[in-house]
Amino acid sequence: MGETTMLYMFPWPTLTDQVELCCEDEWEVSVNLEGPSRAHVIPGRHNLGNMDIKCTHCKALHWMDERLTKSSTSHPLFGTCGFQGKIRLPTLITPSPPIRALYDGDDDRSKSFRKHARGYNATNAFTSLGATLDPRVLTGSGPTSFTIHGELRHRVGSLLAQQGNDAKYAQLYIFDPASALEVRNRNNEHLRRDVLKIIQDTLLQVNPFVDKFRQTYAILEQLDVVGQTLPAHLHYSFSKDQRTYNLPTTDEIAVVIPGDGSKASGMRDIVLHLRGDNQLMQINECHPAYLPLHYVLLFPHGELGWEPEMKQWDVKNN
C-alpha cells in the first residue's frame, strides 16, 4: 500500500472550545440495569491450565480444552483462529520510526505512551467505541468483572459537529493539524503534548483514511454549497482477482454519493453525513475497516482486516 498523501484545497472549518474530548474513559453509553446479576457462580474453581498451546497454522495461543473434538492432546487442532489454516493473515506492518520509538523506547515519552496507550489511541481514533455497561459484578473474591449488556459497537458521527457541540474522533481530522492538536491536548491533560504531536503527525503522513475522510468532507461541502444534503458512502468493493489471497487494501474503498437514501449497503458501506443530529452510524463488524478506524496505534498504516468474501487457502495443496 502506498503512502502518497493527497491534498484537497478547501478552507478549514473553525474550531470551538471543546470539553472532555476522547478521554481515556471512551465509552459512549453506560446504564444502570435494575435487579441483581443473572450470573450464577458455581462453587469451587475450574483450572483451564496455561494458555500456551500454539495453533500449528497461525501460532495463536489457546487453552488445550479449546481444541477441536476430533483432535488429540498430542496434535491439537483449533478452528476459531484461522479456520485451520484456511484464513492466513499477514503480519502487521512495522510502525513508522516515530511510533516504533514510542513502543520500544525507555525515555519519559515512551513510558507515558505505554502507560496511557488506550488514551493516546482514543484521542486519535476515527471512530468511537460504544457499549452499554452493566455495573453489576459477580459476588465473591477475584478480579473485577468487566460486563457489557448487548454488543460492543464501533460508530461514526457526522463530519462536522453541531454548533455548540464538541468535535471529536474523525471530525478532528477535518480541522487544521495545529487546532486539532490543541483540542486533543487541552482535553486530555494526563497525556503529553509532544507524544500527541508525534502520533498525530505520523498518522497524517501514513494513514490513508485521513485522505478518505478529507475527500469525503470536500465533496459533501461542495454539495452543501448548492443546497444538496446527500450522504456519502465509504464503499468497499471486493477485489475479483481470484489469484490473490491477500488482505484488501484501502484502494478498494471508494467515496460514493448514492442517488438516494442514507442506509448502508449491507456491511460494505460506512455512511457519512456532513452535518447531523448527533445520531451515530454503527459500522458492521465484518467491514474490513472496522478495526483500523478505531485501533489506530495497532494499524497506523490503515491495514484492512478480514472480510467474509476473503478467499480461503487450499491447505492440502499449499
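This text gives an overview of the structure that appears in the document. Quantities reported herein were computed from a predicted structural model and do not represent experimental measurements. (Residues numbered from 1 in each chain as written. Predicted model: local features only at pLDDT ≥ 70, side-chain atom pairs only at ≥ 80, totals over all residues. Heavy atoms only, no water.)

**Overview of the sheet that holds strand 8 (residues 269-272)**
Two modes of strand pairing occur in sheets, parallel and antiparallel, and in both the strands are linked by backbone hydrogen bonds.
Logical step 1: Here three strands make up an open sheet; going across it, the order is 7-6-8 and the pairing antiparallel. Each of the sheet's edge strands pairs with one partner strand only, and the pair in question is strand 7 (253-256) and strand 8. Averaged over all pairs of adjacent strands, the angle between strand axes in this sheet comes to 20 degrees, irrespective of strand direction.
Logical step 2: Judged from the four bridges that link them, strand 6 (residues 232-236) and strand 7 form a sheet pairing that is antiparallel. When the bridges of strand 7 are listed, His233 appears paired with Val256.
Logical step 3: Lying on the sheet, helix 6 (residues 208-225) is in contact with strand 6, strand 7 and strand 8; it crosses strand 7 at an angle near 10 degrees. (Pairing = 2+ DSSP bridges. Helix = DSSP H or I, 4+ residues; strand = E, 2+ residues; numbered from the N terminus. Axes fitted to C-alpha atoms, helices over the stretch in contact; angles between N-to-C directions. Contact = heavy atoms within 4.5 Å.)

**Examining the packing of helix 4 (residues 177-186) against helix 5 (residues 193-206)**
What describes two packed helices is the angle between their axes and the distance between those same axes.
Logical step 1: Where helix 4 meets helix 5, the closest approach of the two axes is 10 Å, and the angle between their N-to-C directions is 140 degrees. Comparing their axes, helix 5 and helix 4 come out oblique. The interaxial crossing formed by helix 4 with helix 5 has right-handed handedness. Contact residues: Pro177, Ala180, Leu181, Glu182, Arg184 and Asn185 in helix 4; Arg193, Leu196, Lys197, Gln200 and Leu204 in helix 5.
Logical step 2: For the contact of helix 4 with helix 5, the per-class residue count stands at five nonpolar, two polar and four charged. (Parallel < 35°, antiparallel > 145°, perpendicular 65-115°, else oblique. Left-handed = near helix turned anticlockwise from the far one by under 90°. Nonpolar A, V, L, I, M, F, W, Y, C, P; charged D, E, K, R; others polar.)

**Quick notes on the nonpolar core**
Logical step 1: Tyr120, Phe126, Ile199, Phe209, Phe213, Ile270 and Leu293 are the most contacted members of the largest nonpolar core, which totals 39 residues.
Logical step 2: Only helix 5, helix 6, strand 6, strand 7 and strand 8 provide two or more residues apiece to this core.
Logical step 3: Membership of the second largest hydrophobic core comes to five residues, among which are Ala167, Leu172, Phe175 and Ala180. (Core = buried A, V, L, I, M, F, W, Y, C linked by side-chain atoms within 4.5 Å. Buried < 20%, exposed > 50% of the residue type's maximum accessible area, 1.4 Å probe, protein only.)

**Digging into the packing of helix 1 (residues 97-104) against helix 5**
Logical step 1: At a minimum axis distance of 9 Å, the contact between helix 1 and helix 5 shows a crossing angle of 140 degrees. Taken together, the axes of helix 1 and helix 5 lie oblique to each other. Along its contact with helix 1, which presents Pro98, Ile99 and Leu102, the element helix 5 presents Val195, Ile198, Ile199 and Thr202.
Logical step 2: Residue composition of the contact of helix 1 with helix 5, by class: six nonpolar, one polar and no charged.

**Comments concerning the side chain of Ser158**
Logical step 1: Relative to the elements of secondary structure, Ser158 occurs in the loop between strand 5 (153-156) and helix 4.
Logical step 2: We classify Ser158 as buried; its relative accessible area is 13%.
Logical step 3: Engagement of the side chain of Ser158 in a polar contact is seen with the backbone oxygen of Leu160, the distance being 2.7 Å.
Logical step 4: Discounting residues that sit within four places of it in the chain, Ser158 has contacts with Gln171, His273, Leu274, Arg275 and Gly276. (Polar contact = N/O pair within 3.5 Å; in protein donor to acceptor, adjacent residues only side chain to side chain.)

**Examining the pattern of salt bridges**
Logical step 1: This structure, assessed with the given rule, holds seven salt bridges.
Logical step 2: Note that Arg109 is salt-bridged to Asp107, the shortest N-O span being 3.8 Å.
Logical step 3: For Asp107, a relative accessible area of 33% gives the class partly exposed.
Logical step 4: Arg186 is paired through a salt bridge with Glu182; the nearest N and O atoms lie 3.7 Å apart. Placement of both Arg186 and Glu182 in helix 4 is noted, with a separation of four residues, approximately one turn of the helix. (Salt bridge = Lys/Arg side-chain N within 4 Å of Asp/Glu carboxyl O.)

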